[in-house]
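This is what each chain is made of:
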Amino acid sequence: QVQLVESGGGSVPAGGSLSVSCAASPVPSSITTMAWFRQAPGKEREGVAAISTGGGGTKYADSVQGRFTISHDNAKNTVSLQMNSLKPEDTAMYYCAARWAPWFTGRQLVFETYEYWGQGTQVNVSS
């Protein structure tokens, strides 16, 4: 059983920056992709960014491309999301996720393809 624990988050004004991190333990070698999803009240969970744990491939939602950066530290088994130029519409609970499906199978931002989830960390962006 893979456990994912998020940290970071908080409240910032629009235009500000925040970073969220996720510590995974244990991390079987068969975990191929880690990602961040978010869910705002009354909205569906959406994929934000994903990263291949083996090859460094990344994928971003159009809404965050150029503003968010996902990174993975193999030695520390952590995945981080640096969020810049934050907008009020970025306000949501942010969840870390991990999956078995190989990177080449695609659908990296589809939540149904992920087996493991963290409890989430709240990000609030005020206008």
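Residues numbered from 1 in each chain as written. Predicted model: local features only at pLDDT ≥ 70, side-chain atom pairs only at ≥ 80, totals over all residues. Heavy atoms only, no water.

A. Structural context of the state of the cysteines. Overall, the coordinates contain 1 disulfide when judged by the stated rule. The disulfide partner of Cys22 is Cys96, and the gap between their sulfur atoms is 2.2 Å. Handedness of the Cys22-Cys96 disulfide follows from its S-S torsion of about -80°: it is left-handed. Here the residue Cys22 occupies a position in strand β3 (residues 18–25), and Cys96 occupies one in strand β9 (residues 92–99), the gap between them amounting to 74 residues. (Disulfide = S-S within 2.5 Å. Helix = DSSP H or I, 4+ residues; strand = E, 2+ residues; numbered from the N terminus.)

B. Seen up close, the pairing of strand β5 (residues 46–52). Counting buried positions along β5 gives 6 out of 7 residues, so the element sits mostly inside the fold. In this sheet, β5 lies alongside strand β4 (residues 33–39) in antiparallel orientation, the contact comprising 6 bridges. Looking across to β5, one finds that Met34 is bridged to Ile51. Taken together, β4 and the strand that follows it, β5, pair antiparallel across an intervening segment of 6 residues, in which Gly42 is found at a positive phi of about 80°. Sheet analysis places β5 next to strand β6 (residues 58–60), joined by 3 bridges and oriented antiparallel. Paired with Ile51 across the two strands is Thr58, which belongs to β6. Connecting β5 to the antiparallel partner β6 that follows it, the hairpin turn spans 5 residues, and Gly56 within it adopts a positive phi of roughly 85°. (Buried < 20%, exposed > 50% of the residue type's maximum accessible area, 1.4 Å probe, protein only. Pairing = 2+ DSSP bridges.)

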